[in-house]
Amino acid sequence: MIKKFIITGMLCLVATSMNAQRKTFSLNLQPKEDTTVSPIVKEKVEEYASKINEVIQEEKTQMETELRFLQEKDLDKAEFDKQKAQIADTYSQKIDTRIEALGFDLDQVIQKQVRYSLLNSDVTSNEELKEKLLKKFQSKKSFDPYISYGVMTLTNDKPDNDLDKNLGYANNFEFGLKFNYQFGRTSPWGLISGLGFSWRTVRTDNNMVFAKQNGDVFLTKYEGSLDKSKLRTGYLMIPLGFQYNFSKLKSAGMDVQYRPYSDGFRVGANVYGGIKMATNNIVKGDSQGFRDRSNYQVNPFVYGAQVTLSYDNISLFVKKDFSNFFKDSYFENDKALVFGVALGW
């Protein structure tokens, strides 16, 4: 039917202007450097388009000849339109017949393009296709970047100490690489690990600052107007745990199934450990300001556990230290508890 519309439109153009310039039928194919189309598919389509163009041009030449005879008859408009439609139908059928005789297998070409789009390679057999699919949709093993931010508090099952009474806003900022190891192509389970850099910042309220004397660390009143008081500690962190993915199995064809390990809703649980890199006591006020990177008795090692709920690239997590924030008896039994959000985890 579409071909009939094309031929009818061509007849109308010829009938109204016999001296108009002849137009050439062509397909606007992608340039050869475009790798989104299979080279085999492109070659077959170009060959088929060239043959179709030859058919149309040959039939168009004969059609123009018949149309000239039709115009010379000086028919009234109604009769002219009637005979013109008959010519259109005749040449449409002739073009359909000749195109069908070309034997172009559209289904086969489509199948080749689908395979190429999936695998970026032309394959010649079902065995090769299945092998390519198995390789493409294998279990996930990757390092992916992540970044997270959380609000931190210090828990204590003993009577409040000076830090508990004067604790301000505290936070935990972290970034690094997460290692994913899916246990199988269709398995919902996987191992999670990685390497991260964590900065934990504790701020004080009530005009209090961290101070030390003879190695002892304590809080003291700042003499003057205090603008900023925070103790920031950096850790090198290593997590280790498991993740479960609730995504449904998907089919890649050829009886190859896979589960998108990093997509959809996931639940993860892991333990973690960290080694202190540096501590920085930052104080800024109207009477005195300083940055001190010396020892403030912050625990050189941390360890704890984390639970994470994820959907695609966004995660919500809770992490709890099992180690004290400070070592020995300083601000005894204070442990970090963090609620946060992550991208890429």
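Given the structure is predicted, the values throughout are model-derived calculations rather than measurements.

Conventions we followed
For every chain, the first residue of its written sequence is number 1, and the numbers climb from 1 along that sequence. The predicted nature of this model means local features are confined to residues of pLDDT at least 70 and side-chain atom pairs, given and counted, to a pLDDT of 80 or more, with totals for whole chains, interfaces and linings taken over all residues. Side-chain measures were taken over the full set of non-hydrogen atoms in the model, leaving aside hydrogen atoms and water. Each pair of strands is called paired provided DSSP finds at least two bridges between the two strands. The numbering of helices and of strands both runs from the N terminus, where a helix is a DSSP run of H or I of at least 4 residues and a strand a run of E of at least 2. For each residue, the accessible area found with a 1.4 Å probe, counting protein chains only, is set against the maximum for its type, and the residue is called buried under 20%, exposed over 50%, and partly exposed in between. Polar contact is defined as a pair of N or O atoms within 3.5 Å, subject to the rule that within protein one atom must be able to donate a hydrogen and the other to accept it, and that residues adjacent in sequence are counted only when both atoms are side-chain atoms. Buried residues of nine kinds, namely Ala, Val, Leu, Ile, Met, Phe, Trp, Tyr and Cys, make up a nonpolar core once their side-chain atoms join them within 4.5 Å. What makes two residues a contact is simply this: any of their non-hydrogen atoms within 4.5 Å. Classification of ring pairs rests on two measures: the distance between centres of Phe, Tyr or Trp rings, Trp counted by its six-membered ring, which must be within 6.5 Å, and the angle between planes, read as stacked under 30 degrees, edge-to-face over 60 and tilted in between. Salt-bridge detection follows one rule: a side-chain nitrogen of Lys or Arg within 4 Å of a carboxyl oxygen of Asp or Glu.

Description of the pairing of strand β3 (residues 189–204)
Alright, step 1. Bridging between strand β2 (residues 167–182) and β3 involves 14 bridges; their strand directions are antiparallel. Its bridge partner being in β3, Phe175 is matched across the sheet by Phe197.
Alright, step 2. Joining the antiparallel neighbours β2 and β3 is a turn of 6 residues.
Alright, step 3. Here β3 pairs with strand β6 (residues 226–245) via 13 bridges, running antiparallel. In the sheet register, Gly190 faces β6, and the bridge partner there is Gln243.

Describing the side chain of Gln297
Alright, step 1. With respect to the element layout, Gln297 can be found in the loop between β10 (290–292) and β11 (301–311).
Alright, step 2. Taking relative accessible area as the criterion, Gln297 reaches 9% and is therefore assigned buried.
Alright, step 3. Here Gly215 takes part through its backbone oxygen, which lies 3.1 Å from a polar atom of the side chain of Gln297.

Overview of the nonpolar core
Alright, step 1. Within the largest apolar cluster, 28 residues are counted, with the highest numbers of intra-cluster contacts made by Met152, Leu163, Phe210, Val298, Phe325, Phe326 and Phe331.
Alright, step 2. If you list the elements that add at least two residues to this core, you get β1 (141–155), β3, β4 (208–213), β5 (216–221), β6 and β13 (335–343).
Alright, step 3. Residue contacts for Phe326: discarding those within four places in its chain leaves Leu163, Phe210, Leu231, Tyr296, Gln297, Val298, Asn299 and Phe331.

Thoughts on the packing of aromatic side chains
Alright, step 1. Evaluated as defined, the whole model comprises 17 aromatic pairs.
Alright, step 2. Centroid distance Phe143 to Phe179: 4.9 Å. Interplanar angle 40°. Geometry classified as tilted. Pair noted here: Phe143 is in strand β1 and Phe179 is in strand β2, with a separation of 36 residues, a long-range link.
Alright, step 3. Seen from their ring centres, Tyr244 and Phe246 are 4.8 Å apart, and the 70° between their planes marks the pair as edge-to-face.

With respect to the pattern of salt bridges
Alright, step 1. The full count for this structure, using the stated rule, is 9 salt bridges.
Alright, step 2. For the salt bridge of Arg98 with Glu59, the shortest nitrogen-to-oxygen distance reads 2.9 Å. Of this pair, Arg98 sits in helix α3 (residues 77–101) while Glu59 sits in helix α2 (residues 39–72); the two residues are 39 residues apart in sequence, bridging distant segments of the chain.
Alright, step 3. Given the relative accessible area of 3%, Glu59 is considered buried.
Alright, step 4. For Glu332, the salt bridge identified is with Lys158, shortest N-O distance 2.9 Å. Residue Glu332 is located in the loop between β12 (314–321) and β13, and its partner Lys158 is located in the loop between β1 and α6 (162–165); the two are separated by 174 residues in the primary sequence.
Alright, step 5. Under the relative-accessibility criterion, Glu332 is labelled partly exposed at 40%.
Alright, step 6. Linked by salt bridges that have partners in common, Glu58, Glu59, Lys94 and Arg98 make up one network.

Purely geometric numbers; function is a separate question.
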